[in-house]
Amino acid sequence: MGKSLDNALLNLELKGEYERAGERLGFGMEELLEAERDAGLGNGGLGRLASCYMDSLSTMDIPAWGYGLRYQYGIFQQLIDDSGAQLEVPDPWLDHSNPWEIPRLDTSVEIRFYGKAHKNADGLSGKWEGGMEVLAVPYDLPIPGYDTDNTNNIRLWSSKPKRAFDLSSFNAGDYDGAVAAAEEAENITRVLYPNDNFQKGKELRLKQQYFWVAASISDIIRRFKKIGASWDEFPEFNAIQLNDTHPTLAIVELMRVLVDDENLEWDEAWGIVQRTFGYTNHTVLPEALEKWPVPMLDHILPRHLQIIFDVNLFFLQQVEKKYPGERERLSRMSLIEEGNPQQVRMAYLAIVGSHCVNGVAELHSRLVKDMMKDFVDFYGRDKFTNVTNGVTPRRWLLQCNPGLASLITKTLGSGKWLKDLSLLKGIEKYATDKAFQKQFEKIKLENKEKLAAYIERTLNVKVNREALFDIQVKRIHEYKRQSMNILGCIYRYLELKKMNPKDLKDVAPRVSIFAGKAAPGYYIAKLTIKLINAVSKVIAADKQISEVFKVIFLPDYSVSLAELLIPASDISEHISTAGTEASGTSNMKFALNGGLILGTVDGANIEIAEEVGMENVYFFGVLADAVADLRHTNYYSGLNLVPELQAALDAIREGMFGPPDVFDPFVNSIYDGKDYYLLNSDFQSYLEAQKMIDADFVNKPVWNEKGIRTVAKMGKFSSDRSVMDYCESIWNVDAQPLPKI
């Protein structure tokens, strides 16, 4: 979510009035905006994408609700200790309350866990009783649209105990037991995605997911019942989009309510469910396609497991009817993966329970169809489609880069582009205009100065504002390949060390900036952060080299930090192994602000290049179609490292950046892992692309032209376009503009 004040004032077109009012009270606008804390909601790209979509739904006059959890401590606040390692501490973003939220205590919902489930005589409906009940208390966050009176809400659920204190336990001397039930209830929304490397963490994640969807389904049904329509009309009034597999239990919960509580026949209820849900797949990584152990579901959600088995039985009967005798196909398509224990394949459940499945970039949608080929064959290709992601230009240009937004508005003669981003193409004719280039370059430098000042305040490190700012900001993960970036930095450092002082003076200065959080239980990702900081420390201590090259890791990445980093980038790196990044949206944000992309032929990088021109994107690396064969070769024929990568790894092993045994697991992840993420295959072309960037950056007219043309061609990547695609191709929803007040 980020901060709300600035975004709300801009969307309501009231920022000027509030700024003047603040000045009369003795407060500067920047001071007021800085006082707000980032909301501790959402985990990286998915949460931020949902926020962009809510902004666009409000702006485009689409009636919508967003649902989430009101985490007490968010994900975590990231600190970096003296050794360069990530530390996680609570993010107490609600300590001083949240002025934007509106408690809706009158619509709280009771949510059940555990207990016993019994089937009725018909063998399909059932009863769920006993166990533990908690309260889901809703808090609404208003999301005002831009240039409209329409405002939608994000409803966040907070878990509370039905009874906060057990007096009888307390009087019996069981003081811990007196508050145990309350603690268990409140733990559900205490922290975003707890560490699931152990059983209790896995169980808590499952409880979070069910708590979220059960409360939301109850809320949707409560609202629907006020209309007085028949259940068959439910999909006409409600389109529910699953943002990846995490809310898939909503399918089962709606089925439970319809069959058990509302006494609908199974086939009628299942038809309603399928017509209501759409499923957006956000990843093709096997480990990200969620599975839940059957024993865990049986323990926590026994009635839902019964429904899942029934759904699976009827589905496989249909498959058997279409493909008689193909037992392997039945096994491949079953919602239940056999093993010890059995697992429920949540992505398969999402496909079977939805009327439409979409990917989020053209390449990704093709890969989804390849990965789910059995389902494509069964349902037909029409069920599977693409909606390329987008970002809101209100936050990601108007708010974070007011200088560039003002230049665009002045040049185009109006701010209409903020609701029709395709109008940006009107600045392309100024791409070679010297006066326009000068203004564009000046704005970029001002943004770099702001970031440099932040780096100095935060890390006490001075950076050259005139240097090339090379930025990679993402969740730390092996497939996103921060490892390739830092190994490239090491190789650059080794090459600079070979130069004499005279040659060093001719080197284009560069600042490589990293930011991002690693999951608390993801050891290699956390070790990557430690290595980045170790490299940064060594280069900073090398007075000669640090004049032309610095490596920076900015801790505690957030939306607010992104709003500072993105306008300041010269180059942004989107370098995932081809075929692993579904889309990406940070690439869109950087390009929208005139930062050029260094990337693999992956995700939305491809579509961005198609729009802005291949000459304005620095591509490198193997294509997605070659990845499987390269992995096979690495595994069975051995790994022969290219000299440049070998030199970088040797520098680590020889102790240049600290005791080598500390980083042995990082190095061994490449050797022992048979270079699964293909650093070796891509490393030389990555370095060649960096050389091209160095050469182009010093030619300012060419560099500025590239940046201006990139901004001008980013019209496709507005989240306004994305949500209208959903409305037309999946939701069948029309805009409902409110009359102007």
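Keep in mind the model is a prediction, meaning the values are calculated, not measured.

A few words now on the overall build of the chain. Along the chain, the regular secondary structure elements total 31 helices and 22 strands. Taken over the C-alpha trace, the chain has a radius of gyration of 27 Å; the compact-globule value for 741 residues is 27 Å, and the two agree within 12%. Overall, the chain is about 90 × 70 × 65 Å in size when its C-alpha atoms are taken along their principal axes. Classification of the 741 residues of the chain by burial places 56% in the buried group.

Once that is clear, we can look at the sheet that holds strand β14 (residues 343–345). Reading across from one edge, β12-β14-β13 is the order of the three strands in this open sheet, with antiparallel pairing throughout. The sheet terminates laterally at β12 (291–293) and β13 (336–337), the two strands that pair on one side only. Here β13 runs beside β14; their pairing, made up of two bridges, is antiparallel. By the bridge assignment, Ile336 is partnered in β14 with Val344.

What the six strands build is an open sheet, ordered β19-β18-β17-β20-β21-β22; its pairing is parallel. On the outer flanks of this sheet lie β19 (549–554) and β22 (617–620), each paired with one strand and no other. Here the strands of the sheet are splayed against their neighbours by 20° on average, with no regard to which way each runs. Inspection of the sheet shows strand β18 (residues 510–515) paired to β19 by six bridges, in the parallel sense.

Applying the stated rule across the entire model yields 24 aromatic pairs. Centre to centre, the rings of Tyr430 and Phe436 are 5.5 Å apart; their planes meet at 25°, and the pair counts as stacked. By relative accessible area, Tyr430 is classed as partly exposed at 26%. Look at Phe436 and you get buried, because its relative accessible area is 4%.

A few words now on a nonpolar patch on the surface. The grouping of Leu25, Phe27 and Leu32 at the surface amounts to a nonpolar patch, some 290 Å² of accessible area in total. Looking at the element boundaries, Leu25 is found in the loop between α2 (15–24) and α3 (29–35).

For the bond running from Asn340 to Pro341, omega is 5°, close enough to zero to count as cis. Residue position: Pro341 is located in the loop between β13 and β14. Its identity is not glycine, yet Asp147 carries a phi of approximately 55°, on the positive side. Here Asp147 is to be found in the loop between β8 (132–144) and β9 (151–161). In this structure Asp147 comes out as partly exposed when scored by relative accessible area, which is 37%. Of note, Asp675 is a non-glycine position whose phi angle comes to about 50°, a positive value.

Turning our attention to the pairing of strand β5 (residues 109–113). Residues Val109, Ile111 and Phe113 point to one face of β5 and are all buried, whereas Glu110 and Arg112, pointing to the other face, are not buried. Strand direction decides the pairing type here: β5 and β8, joined by five bridges, are antiparallel. From the neighbouring strand, Glu110 faces β8, where its bridge partner is Leu135.

With respect to the secondary-structure elements, Glu644 resides in helix α27 (residues 643–653). Sequence-wise, Glu644 and His355 are 289 residues apart; in three dimensions their C-alpha atoms are separated by 50 Å. Ignoring sequence-local partners within four residues, the contact set of Glu644 consists of Tyr491, Phe683, Gln684 and Leu687.

To continue, consider the side chain of Ser576. On the secondary structure map, Ser576 appears in the loop between β20 (571–574) and α24 (586–592). Judged by its relative accessible area of 4%, Ser576 falls in the buried class. Residue contacts for Ser576: discarding those within four places in its chain leaves Tyr479, Lys480, Arg481, Glu581, Thr600 and Asp602.

The subject of this paragraph is the environment of Leu301. Positionally, Leu301 belongs in the loop between α11 (294–300) and α12 (302–322). Sequence separation between Leu301 and Gly131 is 170 residues; the distance between their C-alpha atoms is 9.8 Å. Once residues lying within four places of it in the same chain are set aside, the contact partners of Leu301 are Arg112, Phe113, Trp128, Tyr210, Leu249 and Met296.

Considering all chains together, one arrives at 50 salt bridges under this definition. Note that Asp91 is salt-bridged to Arg37, the shortest N-O span being 2.9 Å. Taken as a pair, Asp91 in the loop between β3 (86–89) and β4 (102–103) and Arg37 in the loop between α3 and α4 (45–59) lie far apart in primary sequence, 54 residues in all. Accessibility expressed as a relative area gives 15% for Asp91, which makes it buried. For Arg37, a relative accessible area of 40% translates into the label partly exposed.

The next thing to look at is the nonpolar core. One broad rule of soluble globular proteins: the nonpolar side chains tend to lie buried together. Ile111, Phe113, Tyr210, Phe211, Phe277 and Phe375 are the most contacted members of the largest nonpolar core, which has 107 residues in total. Sorting elements by how many residues they give to this core places helix α7 (residues 199–225) first, with twelve residues. Each residue touching Phe211, except ones within four places of it in the same chain, is listed here: Leu69, Ile111, Phe113, Val134, Leu135, Ala136, Trp157, Ser158, Ser159, Ile188 and Thr189. Counting residues in hydrophobic clusters, the runner-up holds 59 residues, among them Cys489, Leu531, Tyr618 and Phe697.

Before going further, it helps to spend a moment on the packing of helix α19 (residues 434–459) against helix α30 (residues 700–712). Where α19 meets α30, the axes come as close as 10 Å, and the angle between the chain directions of the two elements is 80°. Considering their axes alone, α19 and α30 lie roughly perpendicular with respect to each other. Of the residues in α30, those in contact with Phe436, Gln437, Phe440 and Glu441 of α19 are Lys700, Pro701, Asn704, Glu705, Gly707, Ile708 and Val711. The class makeup of the residues in the contact of α19 with α30 is five nonpolar, three polar and three charged.

So, about α30. Counted at 1.5 Å a residue, the expected span for α30 with its 13 residues is 18 Å, and the 18 Å between its end C-alpha atoms agrees. Among all positions in α30, only Trp703, Asn704, Lys706, Gly707, Ile708, Thr710, Val711 and Ala712 are buried.

Interaxial distance between α27 and helix α28 (residues 660–671) falls to 9 Å at its minimum, and their mutual angle equals 150°. The orientation of α27 with respect to α28, classified from their angle, is roughly antiparallel. For the pair α27 and α28, contact is made by Gln646, Leu649, Ile652 and Arg653 and by Pro660, Phe663, Phe666, Val667, Asn668, Ile670 and Tyr671, respectively. Class assignment of the residues belonging to the contact of α27 with α28 gives a composition of eight nonpolar, two polar and one charged.

A separate point is helix α15 (residues 362–371). When we look at burial in α15, the residues that qualify are Leu363, His364, Ser365, Leu367, Val368 and Lys369. Taken together, the buried residues of α15 touch β15 (356–359), α16 (373–379), β16 (384–386) and α25 (605–612).

This next bit is on the pairing of strand β6 (residues 116–119). Sheet analysis places β6 next to strand β7 (residues 126–129), joined by four bridges and oriented antiparallel. Counted as the bridge partner of His118 is Lys127 from β7. Linking β6 back to β7 in an antiparallel pair, the connection comprises six residues, with Gly123 at a positive phi of about 80°.

Time to look at a negative patch on the surface. On the surface, Glu19, Glu23, Glu30 and Glu34 cluster together to form a negatively charged patch. Mapped onto the fold, Glu34 is located in helix α3.

The next subject is the side chain of Arg303. Following the sequence through the fold, Arg303 ends up in helix α12. Judged by its relative accessible area of 0%, Arg303 is buried. Within polar-contact distance, the side chain of Arg303 engages the backbone oxygen of Leu124 at 2.8 Å. With near-sequence residues (within four places) excluded, Arg303 lies in contact with Ala117, Lys119, Leu124, Ser125, Gly126, Lys127, Trp128, Arg256 and Asp260.

Scoring rules and cut-offs
Residues numbered from 1 in each chain as written. Predicted model: local features only at pLDDT ≥ 70, side-chain atom pairs only at ≥ 80, totals over all residues. Heavy atoms only, no water. Helix = DSSP H or I, 4+ residues; strand = E, 2+ residues; numbered from the N terminus. Rg over C-alpha atoms; globule rule 2.2 N^0.38 Å. Buried < 20%, exposed > 50% of the residue type's maximum accessible area, 1.4 Å probe, protein only. Pairing = 2+ DSSP bridges. Axes fitted to C-alpha atoms, helices over the stretch in contact; angles between N-to-C directions. Phe/Tyr/Trp six-rings, centres within 6.5 Å; stacked < 30°, edge-to-face > 60°. Patch = residues over 30% accessible without salt bridge, like charges linked within 9 Å, V, L, I, M, F, W, Y side chains within 5 Å. Areas by Shrake-Rupley, 256 points an atom, 1.4 Å probe, with all protein chains shown as cover. Salt bridge = Lys/Arg side-chain N within 4 Å of Asp/Glu carboxyl O. Contact = heavy atoms within 4.5 Å. Core = buried A, V, L, I, M, F, W, Y, C linked by side-chain atoms within 4.5 Å. Parallel < 35°, antiparallel > 145°, perpendicular 65-115°, else oblique. Nonpolar A, V, L, I, M, F, W, Y, C, P; charged D, E, K, R; others polar. Expected span 1.5 Å × (residues − 1). Lys, Arg positive; Asp, Glu negative; His and termini not counted. Charge placed at Lys NZ, Arg CZ, Asp CG, Glu CD. Polar contact = N/O pair within 3.5 Å; in protein donor to acceptor, adjacent residues only side chain to side chain.

Read these as geometric descriptors, not functional statements.
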